[in-house]
Amino acid sequence: MTTDFLFPKIADCSYVSCYCEENVWKLCEQVKRTRPEELSKCYAVFVSNEGRTVPLWRQKAGRGDDQVVIWDYHVFFMHNPSPNRCLVFDLDTTLPFPTYFHKYVTETFRSDLALRPEHHRFFRVIPADTYLIEFSSDRRHMRRPDGSWIKPPPSYPPILSNTNLHCLGDFICMSAGKGPGAVYSLSEFVHNFYKSPHVMAQNNK
């Protein structure tokens, strides 16, 4: 793979397990600070569905040979610098960091055809600059009823916007017309961000 210098080393990225939405926000922040000219080509991508039961393969938290896990939602970072080049940066995958879009989608999501409808994946794609401004979480979803943490939070303060203390639900929601960005089915997501070499060759004739 051609090296992408947005994030030279995964070890240099901010990461806390089970806080994928904040990990991706930190990646967006890092691009804004170090490669601002690339920010408009970057996206935060939420994966979920109405029942919040989405199977993903090749995950560090997964089980078995296929490393499959069912999340309520997941978030990854995407860099789309040109029509024929799209890279996925997922801090929770066992795939390389980054991975080309087609390989990542094929191995992580496989196909909805073999899944029950309640497990079909939907994708909310949010421009990185929008995500930096609008995302806000007081981490209430990671607390038990007694106030203790389900998983230890990041050491830095919660990411809060100027207008909302907690709007994570708007990002996880997969209802079109609600929340920031655009919502796609798996097939629509692939159609919008993957251009096969054959299609590119036809378009260049």
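It should be emphasised that the depicted structure is a prediction, and the values quoted were computed from it without experimental measurement.

### Describing the environment of Asn49
Along the chain, Asn49 falls in the loop between β1 (42-48) and β2 (54-56). Apart from the residues lying within four places of it in its own chain, the contact partners of Asn49 are Val54, Glu118, His119, His120, Phe122 and Met174. Polar side-chain contacts of Asn49 include one of 3.2 Å to the backbone nitrogen of Gly51. Of note is the side chain of Asn49, whose polar atom sits 2.7 Å from the backbone nitrogen of Arg52.

### Remarks on the packing of aromatic side chains
Enumeration over the complete set of coordinates arrives at 22 aromatic pairs. Summarising the aromatic geometry, the rings of Phe7 and Phe89 are spaced 5.0 Å apart at their centres and angled 80° between planes, so their arrangement reads as edge-to-face. Note that Phe7 is positioned in the segment before α1 (20-34) and Phe89 in strand β5 (residues 85-89), a separation of 82 residues in sequence. Of the two residues, Phe7 and Phe89, neither departs from the other in class, the shared state being buried. Taken together, the ring pairs in this structure connect Tyr43, Phe76, Phe101, Tyr104, Phe109, Phe123, Tyr184, Phe189 and Phe193 into an aromatic cluster. It is Lys26 that lies over the ring of Tyr156; its NZ or CZ is 4.2 Å from the centre. Between the NZ or CZ atom of Lys60 and the centre of the ring of Tyr15, over which it lies, the distance is 5.9 Å.

### So, the sheet that holds β1
Within the open sheet, the six strands sit side by side as β6-β5-β4-β1-β7-β8. Their pairing is antiparallel. Across the chains shown, the open sheet's two edge strands, defined by having one partner strand only, are β6 (99-100) and β8 (182-185). Sheet topology note: the β1/strand β4 (residues 74-82) ladder contains six bridges and is antiparallel. Paired with Cys42 across the bridge in β4 is His79. Across the sheet, α1 is in contact with β1 and β4; its angle to β4 comes to roughly 25°.

### A look at helix α2 (residues 101-108)
Residues Phe101, Tyr104, Val105 and Thr108 constitute the buried set of α2. The arc enclosing the buried residues of α2, seen along the axis, measures out at 95°, which places them on a common side. The elements touched by buried residues of α2 are β2, β4, β5, β6 and α5 (186-193).

### Describing the pattern of salt bridges
In the structure shown here, the tally under the stated rule is ten salt bridges. Among the salt bridges present, the one from Glu22 reaches Arg139, with a minimum N-O distance of 2.8 Å. Here Glu22, found in helix α1, pairs with Arg139, found in the loop between α3 (128-134) and α4 (168-172); they are 117 residues apart in sequence, far enough to count as distant. In this pair, the class of Glu22 matches that of Arg139, namely buried. Close ionic contact of Glu38 with Lys41 constitutes a salt bridge, the shortest N to O distance being 3.3 Å. For Lys41, a relative accessible area of 28% gives the class partly exposed. Three or more residues joined by partner-sharing salt bridges are found here, namely Arg35, Glu37, Glu38 and Lys41.

### Re the state of the cysteines
Counting across every chain of the model gives zero disulfides. The structure places no disulfide on Cys20, whose sulfur is separated from the nearest cysteine sulfur, that of Cys18, by 8.2 Å. For Cys20, a relative accessible area of 8% translates into the label buried. With no disulfide of its own, Cys173 lies closest to Cys167 among cysteine sulfurs, the gap being 12 Å. In this structure Cys173 comes out as buried when scored by relative accessible area, which is 16%.

### Topic: the UniProt feature "active site" in the protein chain
According to UniProt, the positions carrying the feature "active site" are Cys20, His74 and Asp90. Maximum C-alpha separation among the annotated residues is 9.6 Å over a sequence range of 71 residues, consistent with a single clustered spot. One can find Cys20 in helix α1. Discounting chain neighbours no more than four positions away, the residues touching Cys20 are Tyr73, His74, Val75 and Asp92. Note that His74 resides in strand β4. Setting aside residues no more than four positions away along its own chain, His74 makes contact with Cys20, Val45, Phe46, Val47, Leu56, Gln59, Asp90, Asp92 and Tyr104.

What counts and how
- Along each chain, residues carry numbers from 1 onward, in the same order as the chain's sequence is written.
- Totals for whole chains, interfaces and linings use every residue, but because this is a predicted model, local features are given only for residues with pLDDT of at least 70 and side-chain atom pairs only at 80 or more, for both listing and counting.
- Side-chain metrics rest on all non-hydrogen atoms present in the structure, leaving aside hydrogens and water.
- Helical segments are the DSSP runs of H or I of at least four residues, strand segments are the runs of E of at least two, and each set is numbered from the N terminus.
- Two residues form a contact once any of their heavy atoms are found within 4.5 Å.
- For this analysis, a polar contact is any N or O atom pair within 3.5 Å, provided that within protein one partner can donate a hydrogen and the other can accept it, and provided that sequence-adjacent residues contribute only side-chain to side-chain pairs.
- Two rings belonging to Phe, Tyr or Trp (six-membered ring only in the last case) form a pair when the distance between their centres is within 6.5 Å. Interplanar angles under 30 degrees mark stacking, angles over 60 mark edge-to-face geometry, and anything in between is tilted.
- Residue burial is assigned from relative accessible area. The probe radius is 1.4 Å, only protein chains are included, and a residue is buried under 20% of its type maximum, exposed over 50%, and partly exposed in between.
- Only lysine NZ and arginine CZ atoms are considered, and such an atom sits over a ring when it is within 6 Å of the ring centre and within 35 degrees of the ring normal.
- In this description, strands pair whenever DSSP reports at least two bridges between them.
- Lines fitted to C-alpha atoms define the axes here, with helix axes fitted over just the stretch in contact, and angles between the N-to-C directions of these axes take values from 0 to 180 degrees.
- What the arc covers is the set of directions going from the helix axis to the C-beta atoms.
- For this document, the term salt bridge refers to a Lys or Arg side-chain nitrogen within 4 Å of an Asp or Glu carboxyl oxygen.
- Any two cysteine sulfur atoms within 2.5 Å of one another count as a disulfide.
- UniProt positions are given in the numbering used here, feature names are shortened, and annotations may be inferred rather than shown by experiment.

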